[in-house]
Amino acid sequence: MKRTMKKIVILIGALAALSLQSCDGERFIGFADLPERAATFIQTNFPSAEVISVVKDYDDLSYTYDVVLSDGTVIEFKRSGEWKDVDARTSKVPDAIVPADILNYVQTNYEGNYIVDISRDIRYDVELDSGLDLDFNSKGEFLRIDI
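Residues numbered from 1 in each chain as written. Predicted model: local features only at pLDDT ≥ 70, side-chain atom pairs only at ≥ 80, totals over all residues. Heavy atoms only, no water.

### Some words on the overall build of the protein
(1) Moving on: In terms of regular secondary structure, the protein is built from three helices and nine strands.
(2) Moving on: Reading the protein from its N end, one meets helices and strands in the order α-β-α-β-β-β-β-α-β-β-β-β.
(3) Moving on: The burial tally for the protein puts 33% of its 147 residues in the buried class.
(4) Moving on: Partitioning the contacts of the protein with sequence separation of at least 6, the portion at a separation of at least 24 is 36%.
(5) Moving on: As displayed, the protein offers around 9,600 Å² of accessible surface, 53% of which is attributable to carbon and sulfur atoms. (Helix = DSSP H or I, 4+ residues; strand = E, 2+ residues; numbered from the N terminus. Buried < 20%, exposed > 50% of the residue type's maximum accessible area, 1.4 Å probe, protein only. Contact = heavy atoms within 4.5 Å. Areas by Shrake-Rupley, 256 points an atom, 1.4 Å probe, with all protein chains shown as cover.)

### Concerning the sheet that holds strand β9 (residues 142–146)
(1) Moving on: The strand order across the open sheet built from nine strands is β1-β2-β3-β4-β5-β6-β7-β8-β9, with neighbouring strands paired in antiparallel fashion. Strands at the two margins of the open sheet, each flanked by one partner only, are β1 (26–29) and β9. Averaged over all neighbouring strand pairs, the angle between strand axes comes to 20 degrees, with direction disregarded.
(2) Moving on: Sheet topology note: the strand β2 (residues 51–58)/strand β3 (residues 63–69) ladder contains seven bridges and is antiparallel. Opposite Lys 56, over in β3, you have Tyr 65 as the bridge partner.
(3) Moving on: Packed onto the sheet, helix α2 (residues 36–45) meets β2, β3, β4 (74–77) and β5 (83–87) and runs at close to 155 degrees relative to β4. (Pairing = 2+ DSSP bridges. Axes fitted to C-alpha atoms, helices over the stretch in contact; angles between N-to-C directions.)

### Some words on α2
(1) Moving on: All buried positions along α2 are accounted for by Ala 38, Ala 39, Phe 41, Ile 42 and Asn 45. Down the axis of α2, the buried side of the element spans an arc of 160 degrees, and every buried residue falls inside it. Away from its buried face, by an angle of more than 90 degrees, α2 presents the exposed residues Glu 36 and Thr 44.
(2) Moving on: Here the buried face of α2 lies against β2, β3, β4 and β5. (Arc of directions from axis to C-beta.)

### Side note on unusual backbone geometry
(1) Moving on: A positive phi is found at Arg 89, a non-glycine position, where the angle reads about 65 degrees.
(2) Moving on: For Arg 89, the position within the fold is in the loop between β5 and α3 (100–109).

### Focus: the nonpolar core
Within soluble globular proteins, side chains that are nonpolar generally end up buried alongside one another.
(1) Moving on: Counting residues in hydrophobic clusters, the biggest one holds 30 residues, and the most contacted among them are Phe 41, Ile 75, Phe 77, Val 86, Ile 115 and Ile 118.
(2) Moving on: Those elements that place two or more of their residues in this core are α2, β3, β4, β5, α3, β6 (115–120), β7 (124–128) and β8 (133–136).
(3) Moving on: Here this core gets four residues from one element, more than from any other, and that element is β3.
(4) Moving on: Each residue touching Ile 115, except ones within four places of it in the same chain, is listed here: Ser 91, Lys 92, Val 93, Val 98, Ile 102, Val 106, Val 126, Glu 127 and Leu 128. (Core = buried A, V, L, I, M, F, W, Y, C linked by side-chain atoms within 4.5 Å.)

### Comments concerning the side chain of Ser 119
(1) Moving on: In this structure, Ser 119 sits in strand β6.
(2) Moving on: For Ser 119, a relative accessible area of 19% puts it in the buried group.
(3) Moving on: Dropping the residues within four chain positions of it, Ser 119 is found in contact with Trp 83, Lys 84, Asp 85, Tyr 124 and Asp 125.

### Points about the packing of aromatic side chains
(1) Moving on: Applying the stated rule across the entire model yields nine aromatic pairs.
(2) Moving on: On the basis of an interplanar angle of 85 degrees and a centroid distance of 5.6 Å, the ring pair of Tyr 63 and Tyr 65 is categorised as edge-to-face.
(3) Moving on: Residue Tyr 63 is classed as buried on the basis of its relative accessible area, which comes to 19%.
(4) Moving on: Seen in terms of ring centroids, Phe 136 and Phe 142 are 5.7 Å apart; in terms of plane orientation they differ by 75 degrees. Their pairing is edge-to-face.
(5) Moving on: Judged by its relative accessible area of 0%, Phe 136 is buried.
(6) Moving on: Against the face of Tyr 63 rests Lys 56, its NZ or CZ located 4.3 Å from the ring centre. (Phe/Tyr/Trp six-rings, centres within 6.5 Å; stacked < 30°, edge-to-face > 60°. Lys NZ or Arg CZ within 6 Å of the ring centre and 35° of its normal.)

If you want it as structure tokens, here you go:
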């Protein structure tokens, strides 16, 4: 009987630990808990949109912030508050956040199209409203069409 009870206690403890671990990856936080740089970015570039949710997303070594706005835009920020990805879904990403060389390239070579998603890491990945994906290096120089 004691052995069975011990197994049940161990099983319950293991299940509790697993459930806590899965909940640890993401936490809803308030807008005020965002880094100042991220809050300023939102207020400057999306002044008419309301913040619907802010999630602090933990991974093994660090965390990011995922912000959903009332216009459907989803923004991912690095730990520092610097933007990592801006996905406006079907709307236009604000020109002010797009590096000038990339904006000029798109306006010159894809007239009538606009950027709906831009992400940056080692390079810039840009998606146009037509569904075309373009890759640029960290200096904003065109690399290729991403197929």
